[in-house]
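Chains, contacts and geometry: an overview
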Amino acid sequence: MTLVTIVFVNFNSEELISNSVSSLTKYGVSKVSEMIVVGNSSLSPSIFPSEDTPEFKLISPSSNLGFGKANNLAAKQSDSEYLCFLNPDTLVKQDFFTPIIDFIMAHPNTGACAPSLEYEDGSYQSSAGDTMGLWYEFLEATMLINLSRKKLRKRINAAESSGAPLNVGWVSGACMIIKRDVFESVGGFTEDYFLNYEDIDLCKKLTDAGYRNYIFPALKCTHLDHKSFESNYELLVYTRYESRLIYASIHYGAITKITSRLLHIIGLLLRIALVNFQFHGKEKKGRRIGYLRSLRLYLGLN
């Protein structure tokens, strides 16, 4: 059995994957023996630029499967002890595989792990969070979520100073490492989602099963963040709200589910009112349409 399989899900992002693979070859190749790309269109083998690149496999399904289903498909067609789900818009800047895998080996109850994500300029990127619930939904709906993120960031900064990993509710699927048998024990990614919240959902299933999820603040990975969606803010917004409804239907009780839905209706009305002041040009137009579509969804009008 090979050690680590890297899984990319492609969505019009061949150049991004090529850059990510180049960075991976430079820093992480010693632990990686297989790469799999699942794409909604064929990809040129030139995205794997070096003869030293690990073996790779291209999977081209007949339709766009979405993030979770595509990753599950790749996992089933791989042979490795560990899986690393990696977004095309990531750049590996150090070998974080070795310390994370060493930690998992020493702590059998470990679920999903991830390095800390940064923007291209090296600034901090929110890439982990506490387990979601009604308080989280309230903060998200009222645009006060940064209060929770700032509190978590202080914990992350303290952990970075000590060099220790930090136990969190969830880590980002943009760069996630997990032991294969643990991933399979909770059924992999829930395939009800098309895009967004699959990582949060997976981490919730892991927590419910008794595993602990960790972010490693001292280890870094660059995430360009939604580069493949720059031209479709409508889709980015709508799939987030659609996925929130799915998450609520799976993990919340009746009262929390209804209350969070009402909170997001109020939040969407607020966002529609403020979108002209917060964004400009194509992004403003795309987000407004996305908010309106999401409002119709939450009101049961779709």
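Coordinates for the structure precede this section.
The following refers to the structure shown. Predicted model, so just to flag it, every value in this text is computed and none were measured.

Right, let's talk about the packing of helix 8 (residues 233–251) against helix 10 (residues 281–298) for a bit. One can describe the packing of helix 8 onto helix 10 by two numbers: an axis separation of 7 Å at closest approach and a directional angle of 25°. Taken together, the axis directions place helix 8 and helix 10 in an arrangement best described as roughly parallel. Where helix 8 crosses over helix 10, the two elements pack in a sense that is right-handed. Residues Tyr233, Glu234, Val237, Tyr238, Tyr241, Glu242, Arg244 and Leu245 of helix 8 touch helix 10, and the partners they reach there are Lys282, Glu283, Gly286, Arg287, Ile289, Gly290, Tyr291, Arg293, Ser294, Leu297 and Tyr298. Looking at the contact of helix 8 with helix 10 residue by residue, the classes come out as 9 nonpolar, 3 polar and 7 charged.

For the structure shown, the criterion picks out 9 salt bridges. Note that Asp130 is salt-bridged to Arg155, the shortest N-O span being 3.2 Å. Taken as a pair, Asp130 in the loop between strand 7 (128–129) and helix 4 (134–141) and Arg155 in helix 5 (residues 145–162) lie far apart in primary sequence, 25 residues in all. On the accessibility criterion, Asp130 (33% relative accessible area) is partly exposed. Residue class for Arg155 comes out partly exposed when judged on its relative accessible area of 32%. Between Glu140 and Arg271 there is a salt bridge, with the nearest N and O atoms lying 4.0 Å from each other. With a gap of 131 residues between them, Glu140 in helix 4 and Arg271 in helix 9 (residues 254–278) connect regions that are remote in the sequence. Here Glu140 and Arg271 have matching classes, each one buried.

Compared with an ideal rise of 1.5 Å per residue, which puts 18 residues at 26 Å, helix 10 spans 26 Å between its outermost C-alpha atoms and is within 8% of the ideal. On its buried face, helix 10 sits against helix 8 and helix 9. Downstream of helix 10 by one or two residues, Gly300 has phi in the positive range, about 75°.

Taken N-terminus to C-terminus, the directions of helix 4 and helix 9 make an angle of 10°; their axes are 8 Å apart at the nearest point. In terms of orientation, helix 4 lies roughly parallel with respect to helix 9. In this structure, helix 4 contributes Leu134, Glu137, Phe138, Glu140 and Ala141 to the contact, and helix 9 contributes Thr256, Thr259, Ser260, Leu263, His264, Gly267 and Arg271. Per-class residue counts for the contact of helix 4 with helix 9 are 4 nonpolar, 5 polar and 3 charged.

Turning next to empty space enclosed by the protein. It is a probe the size of a water molecule, rolled over the atoms, that shows where empty space is left. The final tally for this structure, using the stated rule, is 2 cavities of 30 Å³ or more. If you add up the space inside the largest cavity, you get close to 50 Å³. In terms of lining, the largest cavity is formed by Glu137, Arg244, Leu245, Ala248, Lys257, Ser260, Arg261, His264 and Tyr298. Residue assignment for the lining of the largest cavity shows that the elements contributing at least two residues are helix 8 and helix 9. It is helix 9 that provides the largest number of residues to the lining of the largest cavity, a total of 4 residues. Taken together, the residues of the lining of the largest cavity break down into 3 nonpolar, 2 polar and 4 charged.

Turning our attention to unusual backbone geometry. Not every positive phi belongs to a glycine, and Met143 is a case in point at roughly 60°. Examined against the element boundaries, Met143 turns out to sit in the loop between helix 4 and helix 5. Its identity as a non-glycine residue notwithstanding, Tyr197 has a phi of 75°, on the positive side. Note on placement: Tyr197 falls in the loop between helix 6 (180–185) and helix 7 (198–208). Look at Tyr197 and you get buried, because its relative accessible area is 8%.

On to the pairing of strand 6 (residues 110–118). With respect to burial, strand 6 is a largely interior element, 9 of its 9 residues being buried. Where strand 6 lies against strand 11 (residues 212–223), 7 bridges are found, and the strand directions are parallel. Its bridge partner being in strand 11, Leu117 is matched across the sheet by Cys221.

Criteria and thresholds
Residues numbered from 1 in each chain as written. Predicted model: local features only at pLDDT ≥ 70, side-chain atom pairs only at ≥ 80, totals over all residues. Heavy atoms only, no water. Axes fitted to C-alpha atoms, helices over the stretch in contact; angles between N-to-C directions. Helix = DSSP H or I, 4+ residues; strand = E, 2+ residues; numbered from the N terminus. Parallel < 35°, antiparallel > 145°, perpendicular 65-115°, else oblique. Left-handed = near helix turned anticlockwise from the far one by under 90°. Contact = heavy atoms within 4.5 Å. Nonpolar A, V, L, I, M, F, W, Y, C, P; charged D, E, K, R; others polar. Salt bridge = Lys/Arg side-chain N within 4 Å of Asp/Glu carboxyl O. Buried < 20%, exposed > 50% of the residue type's maximum accessible area, 1.4 Å probe, protein only. Expected span 1.5 Å × (residues − 1). 1 Å grid on protein atoms, 1.4 Å probe; cavity = no way out; pocket = protein on both sides within 12 Å on 5 of 7 lines; lining within 4 Å. Points joined across faces, edges and corners; volume = space filled by probe spheres on them. Pairing = 2+ DSSP bridges.

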